[in-house]
Protein chains: 2
Amino acid sequence: MDTGLRNWQGVREEVLRRIHARVWAPGDLLPTETELAAEFGCARTTVNRALRTLAESGLLDRKRKAGTRVVRHPVRKATLSIPVIRLEIEKQNKSYGYALLSREMETPPADVLARMCLRKGSGLLHLQSLHLADGQPYAFEDRWINTAAVPESLDADLESMSANEWLVMNAPFTNGDIAFSAVNATDQEAELLGTQSGVALFVVERSTWNGNVAITSVKLVCAPGYRMRTDI
Amino acid sequence: MDTGLRNWQGVREEVLRRIHARVWAPGDLLPTETELAAEFGCARTTVNRALRTLAESGLLDRKRKAGTRVVRHPVRKATLSIPVIRLEIEKQNKSYGYALLSREMETPPADVLARMCLRKGSGLLHLQSLHLADGQPYAFEDRWINTAAVPESLDADLESMSANEWLVMNAPFTNGDIAFSAVNATDQEAELLGTQSGVALFVVERSTWNGNVAITSVKLVCAPGYRMRTDI
DNA sequence: CAGTGGTCTAGACCACCAG
DNA sequence: TGGTGGTCTAGACCACTGC
């Protein structure tokens, strides 16, 4: 039977429709790729692409020999874009500002060492800076850079360009992790962000590696009212 | 020239390596698919798959006729899994508990209506509940359900099963949005979560639609110390 | 071990868009 | 308008895994 679905987006839409319409309910086994290809009148490759896409977005579970099933608890996946802060601000039609507050070689506290998987004794470059949007405090950045991995960072001009952008252009990374949480503002954070201590602040912590070499670990404390949103 | 890269993952790794090694620097134009296929000794389809994958993860920018370029500011994309809370807790080897606190038909406040893109006058089902991990408060859930879109929800047994799970199984959605922020605990939230008012809490807000029909809007206030993490 | 998805190939046509 | 990526096809072989 040829229903005339000749491209993979079309097949994906039709499969989605049937899942929503409960033709294939959660836990159900779908026909094989070959059967669907025959029904839709297209090549198996096309069906494969459609089903693979749906599996990647978490709606289907595929196993060789076992076949393709509709997952029982669709774990929705949201994709967050982690932009360079300057671009994030400029996209809101605000002017970006940046101020370097401090820059020292220091022995990092234990939690930073642990996050970067480094052992004690290594001195790291410690940077504190402030990002501004239209002159207002936007986020406070507390960053540690592994100078053993990125020695050029010692000579970098970090007065005019944020460490974030310098690293993006000069120290590529292969993997990392990111975490989000909420904290009460310390006195220092409150003063820098122009608010009162105790106010709830949104925090982003990110560490990156090149292979298994730690590059940098950064903690971004956002100004009150910060909201991170995305579509699902 | 055949360098023996015969599968798309291998091609992807090699292209990645060259980007990291600055063979192709940010902004540079890559060879065409056909040229790369010749160099790697594989079919163009294979190169296409590799480059398409890298473009999807935000490292390459591809345009017909213009060719493939390394992006200047690699916007890293983090994929968050939004799990059913019960599963999230059980994955930590803790026992899941759930308590329905209130269930009323009510006229929602303006901000909820706006979030769901509904107009005034519609009564919605308002649910408040508490999620527990090993008996300790884990998150406070404040949910509105559009009964016009999901009339069966009026008869659902929401004492034993959380609304989240009931909806996952009974009211599929096609799209939605999700937002994260930080708030200071209100007196009510503090009492329910076993903490003091004013403590910084992590908040997740999510709204879902089936086509353009609003299904539900939920606000999840997490217990102190909540951390959401993922790899990038 | 046999059935299923995963992938590769060579060739083809098409859509888009920069020059 | 020509060059580039986007996709489809038919056929093939392979890898995994449930039975």
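Predicted, not measured: the structure shown is a model, and the values here were computed from it.

What counts as what
- Residues numbered from 1 in each chain as written.
- Chains lettered and ligands numbered in written order.
- Predicted model: local features only at pLDDT ≥ 70, side-chain atom pairs only at ≥ 80, totals over all residues.
- Heavy atoms only, no water.
- Domains from an automatic or database assignment.
- Core = buried A, V, L, I, M, F, W, Y, C linked by side-chain atoms within 4.5 Å.
- Buried < 20%, exposed > 50% of the residue type's maximum accessible area, 1.4 Å probe, protein only.
- Contact = heavy atoms within 4.5 Å.
- Salt bridge = Lys/Arg side-chain N within 4 Å of Asp/Glu carboxyl O.
- Helix = DSSP H or I, 4+ residues; strand = E, 2+ residues; numbered from the N terminus.
- 1 Å grid on protein atoms, 1.4 Å probe; cavity = no way out; pocket = protein on both sides within 12 Å on 5 of 7 lines; lining within 4 Å.
- Points joined across faces, edges and corners; volume = space filled by probe spheres on them.
- Nonpolar A, V, L, I, M, F, W, Y, C, P; charged D, E, K, R; others polar.

(A) Here's a closer look at the domain arrangement of chain A. The assigned domain composition of chain A is domain 1 (8-70) and domain 2 (85-222). For domain 1 of chain A versus domain 2 of chain A, the separation of C-alpha centres amounts to 44 Å.

(B) Just the nonpolar core, in detail. The biggest cluster of nonpolar side chains holds 38 residues, and the ones touching the most others in it are Phe180 and Phe202 of chain A together with Phe180 and Phe202 of chain B. In this structure Phe202 of chain B touches Phe180, Ser181, Ala182 and Phe202 of chain A together with Phe180, Ser181, Leu220, Val221, Cys222, Tyr226 and Met228 of chain B, once residues within four positions along its chain are discounted. Core analysis: the next-biggest nonpolar cluster, separate from the first, contains 18 residues, Val11, Val15, Trp24 and Ala50 of chain B among them.

(C) Just the pattern of salt bridges, in detail. Per the counting criterion, the structure on display carries 26 salt bridges over all chains. A salt bridge links Arg44 of chain A to Glu33 of chain A, with the shortest nitrogen-to-oxygen separation between them at 2.6 Å. You can see Arg44 of chain A sitting in helix 3 (residues 44-56) and its partner Glu33 of chain A sitting in helix 2 (residues 33-40), a full eleven residues away along the chain. Judged by relative accessible area, which is 12%, Glu33 of chain A ranks as buried. The salt bridge involving Arg86 of chain B is made with Glu90 of chain B; its shortest N-O contact spans 3.2 Å. Here the residue Arg86 of chain B and the residue Glu90 of chain B both occupy positions in helix 4 (residues 85-90), the gap between them amounting to four residues, near one helical turn.

(D) Seen up close, the layout of surface pockets. Residue and element names in this part refer to chain A. A volume near 1400 Å³ is recorded for the largest pocket. Considered class by class, the residues forming the lining of the largest pocket number twelve nonpolar, twelve polar and 14 charged. Of the pockets and cavities examined, the second largest pocket occupies roughly 640 Å³. If you trace the second largest pocket, you find 26 residues lining it, with Ser81, Pro83, Glu88, Tyr226 and Met228 closest to the centre.

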